[in-house]
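# Fold and contact review
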Amino acid sequence: MYSGVSMHRFWNMEAGVDLAIFTQAAQRYAQFEWPWSEIKAAWGFNLLGDHFSPILAVLGPIYAMVPHAWVLLIVQAC
């Protein structure tokens, strides 16, 4: 049920900025790079000190196979 609510909020653009920040982190981990976010700061912001989440490092390979924010929403719901 929570997954459905999350997807509904995503499609109605009510997901929030944190989803975008975490999606950028997952994308960087999938590319074997440090997790930087241009959404947090225009010049780039290292997320290891602010929004560090070990599960994002684990989700890097999964995000590489399915590169979409849905991956984070579904894992969050589980």
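Right, let's walk through the structure included here. All values derive from a computational prediction rather than experimental measurement. (Residues numbered from 1 in each chain as written. Predicted model: local features only at pLDDT ≥ 70, side-chain atom pairs only at ≥ 80, totals over all residues. Heavy atoms only, no water.)

This paragraph deals with the overall build of the protein chain. Counting its secondary structure elements, the protein chain contains 4 helices and 2 strands. The linear arrangement of helices and strands in the protein chain, starting from the amino end, is α-α-β-β-α-α. By the compact-globule yardstick of 12 Å for 78 residues, the protein chain fits well, its C-alpha radius of gyration being 12 Å. Seen through its principal axes, the protein chain has C-alpha atoms that stretch 35 × 25 × 20 Å. Classification of the 78 residues of the protein chain by burial places 33% in the buried group. Sequence-distant contacts, at least 24 apart, represent 49% of the contacts inside the protein chain between residues at least 6 apart. (Helix = DSSP H or I, 4+ residues; strand = E, 2+ residues; numbered from the N terminus. Rg over C-alpha atoms; globule rule 2.2 N^0.38 Å. Buried < 20%, exposed > 50% of the residue type's maximum accessible area, 1.4 Å probe, protein only. Contact = heavy atoms within 4.5 Å.)

Once the charged atoms of two side chains with opposite charge are near each other, the side chains can pair. For the structure on display, the rule yields 2 salt bridges. One salt bridge in this structure joins Arg 28 and Glu 33, with 3.6 Å as the shortest N-O distance. What makes Glu 33 partly exposed here is its relative accessible area of 38%. The residue Glu 38 makes a salt bridge to Arg 28 at a minimum N-O spacing of 2.8 Å. Placement of Glu 38 in the loop between strand E1 (36-37) and strand E2 (45-46) and of Arg 28 in helix H2 (residues 17-30) is noted, with a sequence separation of 10 residues between them. Owing to a relative accessible area of 37%, Glu 38 belongs among the partly exposed residues under this scheme. Here the residues in one salt-bridge network are Arg 28, Glu 33 and Glu 38, joined through shared partners. (Salt bridge = Lys/Arg side-chain N within 4 Å of Asp/Glu carboxyl O.)

The N-to-C vectors of helix H1 (residues 2-11) and helix H4 (residues 70-77) enclose an angle of 150°; their axes lie 8 Å apart at closest approach. Our classification of the angle between H1 and H4 gives roughly antiparallel. Here the hand of the crossing between H1 and H4 comes out right-handed. Contacts between H1 and H4 involve Tyr 2, Ser 3, Ser 6, Met 7, Phe 10 and Trp 11 on the former and, on the latter, Trp 70, Leu 73, Ile 74, Gln 76 and Ala 77. Residues that form the contact of H1 with H4 fall into these classes: 8 nonpolar, 3 polar and no charged. (Axes fitted to C-alpha atoms, helices over the stretch in contact; angles between N-to-C directions. Parallel < 35°, antiparallel > 145°, perpendicular 65-115°, else oblique. Left-handed = near helix turned anticlockwise from the far one by under 90°. Nonpolar A, V, L, I, M, F, W, Y, C, P; charged D, E, K, R; others polar.)

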